[in-house]
Amino acid sequence: MNENLFGFIFVLIGLFPIAAVLFNWQFFMNNYRARLVAKVLGQTGMRVFYILLGLGFVVFGFLNVIGVVKLAS
C-alpha cells in the first residue's frame, strides 16, 4: 500500500510543473531556477523542459502504482 502512495505522490509531483507551464503560473515562471533554465534554453525550451520533467515523474509514478517499477526499500 505504501508503494502505491509513493506512486501517487510522484504523479502529483509530475503534474505540478506541467500545470505551472500550461497555466503560466508567474510564481513558478519567475523562480530563480526556472529563470536559469530559461536563460540557458530560452522561454520555449524551459517550457518543454518542465513538461518533459513532469511527464517523467508522472510515468514513473504510474509505473510504480501498477507494479512495474519498485522503489528500493
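Residues numbered from 1 in each chain as written. Predicted model: local features only at pLDDT ≥ 70, side-chain atom pairs only at ≥ 80, totals over all residues. Heavy atoms only, no water.

## Thoughts on helix H3 (residues 32–66)
Note that an α-helix has 3.6 residues per turn; residues three or four places apart therefore point the same way. End to end, H3 covers just 35 Å across 35 residues, shorter than the expected 51 Å (1.5 Å per residue, more than 12% under). A maximum bend of about 115° is found in H3 at Leu41. Within the span of H3, buried status applies to Ala34, Val37, Ala38, Met46, Tyr50, Gly54, Val58, Gly61 and Asn64. Here H3 starts with a cap whose side-chain oxygen sits 2.7 Å from the backbone nitrogen of Arg33, and that cap is Asn31. Positive phi appears at Gly67, one or two residues downstream of H3, with a value of about 95°. (Helix = DSSP H or I, 4+ residues; strand = E, 2+ residues; numbered from the N terminus. Expected span 1.5 Å × (residues − 1). Bend = angle between axes of the 7 residues up to and from the residue. Buried < 20%, exposed > 50% of the residue type's maximum accessible area, 1.4 Å probe, protein only. Polar contact = N/O pair within 3.5 Å; in protein donor to acceptor, adjacent residues only side chain to side chain.)

## A short note on the environment of Phe60
Mapped onto the secondary structure, Phe60 falls in helix H3. Sequence-wise, Phe60 and Gly14 are 46 residues apart; in three dimensions their C-alpha atoms are separated by 9.1 Å. Ignoring any residue separated from it by four or fewer positions in sequence, one finds Phe60 in contact with Phe10, Val69 and Leu71. (Contact = heavy atoms within 4.5 Å.)

## Brief notes about the nonpolar core
Counting 9 residues, the largest nonpolar core is built from Ala20, Val21, Phe28, Met29, Ala34, Val37, Ala38, Met46 and Tyr50. For this core, the secondary-structure elements that each account for two or more residues are helix H1 (2–22), helix H2 (26–29) and H3. Of all the elements, H3 adds the most residues to this core, at 5 residues. Apart from the residues lying within four places of it in its own chain, the contact partners of Tyr50 are Pro17, Val21, Phe28, Arg33, Ala34 and Val37. (Core = buried A, V, L, I, M, F, W, Y, C linked by side-chain atoms within 4.5 Å.)

## Regarding unusual backbone geometry
Unlike most non-glycine residues, Asn24 shows phi in positive territory, near 55°. Structurally, Asn24 can be placed in the loop between H1 and H2. Classification of Asn24 as partly exposed rests on a relative accessible area of 33%.

## Let's talk about the packing of aromatic side chains
Under the definition given, this model contains 9 aromatic pairs. Relative to Phe57, the ring of Phe10 has its centre 5.8 Å away and its plane inclined at 15°; by these criteria the two rings are stacked. Here Phe10, found in helix H1, pairs with Phe57, found in helix H3; they are 47 residues apart in sequence, far enough to count as distant. Here Phe10 falls in the partly exposed class, since its relative accessible area comes to 23%. The partly exposed category is assigned to Phe57, whose relative accessible area is 28%. Here Phe49 and Tyr50 contribute two aromatic rings whose centre-to-centre distance is 5.2 Å and whose plane-to-plane angle is 75°, an arrangement assigned as edge-to-face. Judged by its relative accessible area of 10%, Tyr50 falls in the buried class. (Phe/Tyr/Trp six-rings, centres within 6.5 Å; stacked < 30°, edge-to-face > 60°.)

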